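Listed below, chain by chain, are the residues.
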Amino acid sequence: MKKAQLGDLKVSRIGLGAMTMAGTYTSEGGLDDAESIGTIRRALELGVTHVDTAEVYGPFHSEAIVGQAIKGRRDDVVIATKFGLIQYGEGAPRVGVLDSSPRNVRAAVEGSLTRLGTDHIDLYYQHRVDPGTPIEDTVGALAELVTEGKIRYIGLSEASPDTIRRAHGVHPVSAVQTEYSLWTRDVEAEVLPLLRELGVGFVPYSPLGHGLLAGQIRTVDDFADDDWRTTNPRFTGENFWRNLAIVDEVKAIGAENGATPAQTALAWLLSRGEDIAPIPGTRRVTRVEENIAADAVELTPDQIHRLDNLEPVAGERHDDTNMASIDR
Ligand SMILES: NC(=O)c1ccc[n+]([C@@H]2O[C@H](COP(=O)([O-])OP(=O)(O)OC[C@H]3O[C@@H](n4cnc5c(N)ncnc54)[C@H](OP(=O)(O)O)[C@@H]3O)[C@@H](O)[C@H]2O)c1
């Protein structure tokens, strides 16, 4: 597997997202922890060294699965996890409350270390920017955790260019993680050029368009009620059918060299630069094998040109509630 550079951190250029191991996209069967653990282990066997999770996935369940899967293999993997969407204090943790105060960061890291079964996190991201805490304070707390050896590198997720610049001024940021795929290209305007100026790597999340770009979803009529995508504008109403036509185009282009739509979507992302390390999410062994094989897919300049010029996606990338938590 070829490598990608995230600041000073080297990772396999295809990683593995562990979010669906704890739910979120629930329409295609229930959770199967044994299959999830097998998926992570198979990924490591095939050369993946970058596994992405977050305390809020589950909450907590995804980190626990990752912890079990990497037992005895800790040194083979870069573990990335995230804080800032759960507030700790008196009583039960408050899930969904933005809190990146230094006190909350310190509480969060201890829980993640325990669930992951490790004494250090390789890449620790702020999951969403907290308007109530200056980013300098949050990064200051993270810098202390680096000094203490509890985390190795710092990341930001869905941060604006201004926030990235301010954060990087306090302590080097190694990676920024934001949605990026054939149908979500907003980061190309300002974020990616800034990251290249600063020497910060980029981790595209939802590189398969929450599954649609992988080409197997043909209807949303039978989606489970609690599937996150049922309220996502790209999966609802007329937008869904328009977006399915884009997927068919991706499928046709990939078929020219025997690649699946998922592999084509990943190969296109990999063609964007050596500082780009997508983390396709899956909880199934067969799919992780398919996705990792995208490392060997070579798109021609003409195919890249056609993928660059697909019809624009229909619908905003998140619903209003989710968009409200994004730093812009
Ligand atoms: N920073 C953030 O705010 C943020 C937000 C969202 C996600 N993330 C991270 O990014 C990772 C990936 O994003 P994502 O899970 O939202 O979306 P994604 O990678 O675009 O798509 C995942 C979906 O595609 C399906 N899938 C994967 N490979 C497939 C294949 N070869 N064929 C058919 N279907 C396939 C998965 O199903 P199964 O799982 O059932 O196989 C899952 O439903 C997450 O795991 C998480 O670590 C971060």
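This structure is a prediction, so every number in the text was calculated from the model and none was measured.

Engineer: Any chance you could explain the overall build of the protein chain here in plain terms?
Structural biologist: Each helix and strand counted, the protein chain has eleven helices and eleven strands in total. Taking 20 Å as the expected radius of gyration for a compact globule of 328 residues, we find that the protein chain reaches 19 Å, a close match to that expectation. Judged by the C-alpha coordinates and their principal axes, the protein chain covers about 50 × 40 × 40 Å. Taken across its 328 residues, the protein chain has 55% of its residues classed as buried. Long-range pairs, those at least 24 residues apart, make up 76% of the contacts in the protein chain between residues at least 6 apart in sequence. Accessible area for the protein chain stands at about 13100 Å²; split by element, carbon and sulfur atoms hold 50% of it. Both charge centroids of the protein chain, one from 33 positive and one from 50 negative side chains, sit 3 Å from each other.

Engineer: I would appreciate a short explanation of the pairing of strand S8 (residues 121–126) in the present structure.
Structural biologist: Every regular strand shows the same layout, with side chains that alternate between the two sheet faces. Summarising burial for S8: six of the six residues are buried, a large majority. Relative to S8, strand S5 (residues 78–83) is paired through four bridges, and the arrangement is parallel. Bridge assignment links Thr81 to a residue of S8, and that residue is Tyr124. Of the pairings in the sheet, the one linking S8 to strand S9 (residues 151–157) comprises five bridges and is parallel in character. Its bridge partner being in S9, Gln126 is matched across the sheet by Leu156. In this fold, the crossover linking S8 to S9 by way of helix H4 (residues 135–148) has right-handed handedness.

Engineer: So what exactly am I meant to see when it comes to the packing of aromatic side chains here?
Structural biologist: Geometrically, a pair of aromatic rings is defined through the distance of the ring centres and the angle of the planes. Counting across every chain of the model gives seven aromatic pairs. Ring geometry for Phe83 and Tyr124: centres 4.8 Å apart, planes at 45°, overall tilted. A residue pair is termed long-range when its members are at least 10 positions apart, and Phe83 in strand S5 and Tyr124 in strand S8 qualify at 41 residues. Accessibility assignment for this pair places Phe83 and Tyr124 in one class, buried. Consider the rings of Trp183 and Phe235, whose centres lie 6.3 Å apart with planes at 85°: the pair is edge-to-face. With a gap of 52 residues between them, Trp183 in the loop between strand S10 (175–179) and helix H6 (191–198) and Phe235 in the loop between strand S11 (201–205) and helix H7 (237–255) connect regions that are remote in the sequence. Each of the two residues, Trp183 as well as Phe235, counts as buried.

Engineer: I tried to follow the pattern of salt bridges on my own but got confused; where do I start?
Structural biologist: Where charged atoms from two side chains of opposite charge come close, those side chains can pair. This structure, assessed with the given rule, holds 27 salt bridges. Salt-bridge contacts for Asp122 lead to Arg74; the nearest nitrogen and oxygen are separated by 2.9 Å. Here Asp122, found in strand S8, pairs with Arg74, found in the loop between helix H2 (61–69) and S5; they are 48 residues apart in sequence, far enough to count as distant. Of the charged contacts in the structure, one is a salt bridge between Asp122 and Arg152, with a shortest N-O distance of 2.8 Å. On the criterion of sequence distance, the pair formed by Asp122 in strand S8 and Arg152 in strand S9 is long-range, its members being 30 residues apart. Looking at Asp122, the relative accessible area reads 2%, which means it is buried. For Arg152, a relative accessible area of 37% gives the class partly exposed. Where salt bridges share partners, they join Glu28, Asp227, Arg229 and Arg287 into one cluster.

Engineer: I'm lost on the site of the ligand in this one. Help?
Structural biologist: Contacts to the ligand come from 32 residues, most closely from Tyr25, Asp52, Ser206, Leu208 and Thr282. Here Arg128 contributes a side-chain N or O atom positioned 2.8 Å from an oxygen atom of the ligand. Surface burial for the ligand is 97%, taken as the share of its 900 Å² of free accessible area covered by protein chains. Its atoms largely coinciding with the cavity grid, the ligand occupies the largest pocket. Take the shell around the ligand: its biggest share by element is three residues, from helix H9 (residues 285–292).

Engineer: Before we go on, may I ask you to explain the pairing of strand S1 (residues 3–6) in this structure?
Structural biologist: Side chains Ala4 and Leu6 of S1 all project onto a buried face; the interleaved residues Lys3 and Gln5 project onto a face where none is buried. Where S1 folds back onto strand S2 (residues 9–12) in an antiparallel hairpin, the turn is made up of two residues, including Gly7, whose phi is positive at roughly 60°.

Quick notes on the rules
Along every chain, residues carry numbers that run from 1 in the direction the sequence is written. Where totals are concerned, whole chains, interfaces and linings use all residues; where local detail is concerned, this predicted model gives features only for residues with pLDDT of at least 70, and gives and counts side-chain atom pairs only at 80 or more. Hydrogens are left out, water is left out, and the side-chain values use all remaining heavy atoms of the structure. Strands are runs of DSSP state E lasting at least two residues, helices are runs of H or I lasting at least four, and both sets are numbered from the N terminus onward. All radius of gyration figures rest on C-alpha atoms, and the globule criterion is 2.2 Å times the number of residues raised to 0.38. Throughout, exposure labels follow a simple rule: accessible area from a 1.4 Å probe, protein chains only, divided by the maximum for the residue type, with under 20% read as buried, over 50% as exposed, and the rest as partly exposed. Note on definitions: a residue-residue contact is assigned when non-hydrogen atoms from the two residues lie within 4.5 Å. Only the protein chains shown count as cover for residues, and all accessible areas are computed by the Shrake-Rupley method using a 1.4 Å probe. Working convention for charge: Lys and Arg count positive, Asp and Glu count negative, and His plus the chain ends are omitted. By convention, charge coordinates are those of NZ in Lys, CZ in Arg, CG in Asp, or CD in Glu. Following DSSP output, two strands are said to pair if at least two bridges run between them. A right-handed crossover is one whose linking path, passing over the helix from the first strand to the second, runs clockwise when the strands point away from the viewer. Note on aromatic contacts: the rings of Phe and Tyr and the six-membered ring of Trp form a pair at centre separations within 6.5 Å, being stacked when their planes are under 30 degrees apart, edge-to-face when over 60 apart, and tilted otherwise. A carboxyl oxygen of Asp or Glu within 4 Å of a side-chain nitrogen of Lys or Arg is what we treat as a salt bridge. Near is defined per residue: the residue qualifies when any heavy atom it owns lies within 4 Å of the molecule or strand. Contacts described as polar in this section are N or O atom pairs within 3.5 Å, which, within protein, must combine one atom able to donate a hydrogen with one able to accept it, while residues neighboring in sequence count only if both atoms come from side chains. In this analysis a 1.4 Å probe is tested at points of a 1 Å grid over the protein atoms alone, and where it fits but cannot get out there is a cavity; an open set with protein on both sides within 12 Å along at least five of seven lines is a pocket; lining residues have an atom within 4 Å of a point. For this analysis, a molecule is said to be in a pocket or cavity if more than half of its atoms are within 2 Å of the grid points defining it.

Interpretation in functional terms is not warranted from these geometric data alone.
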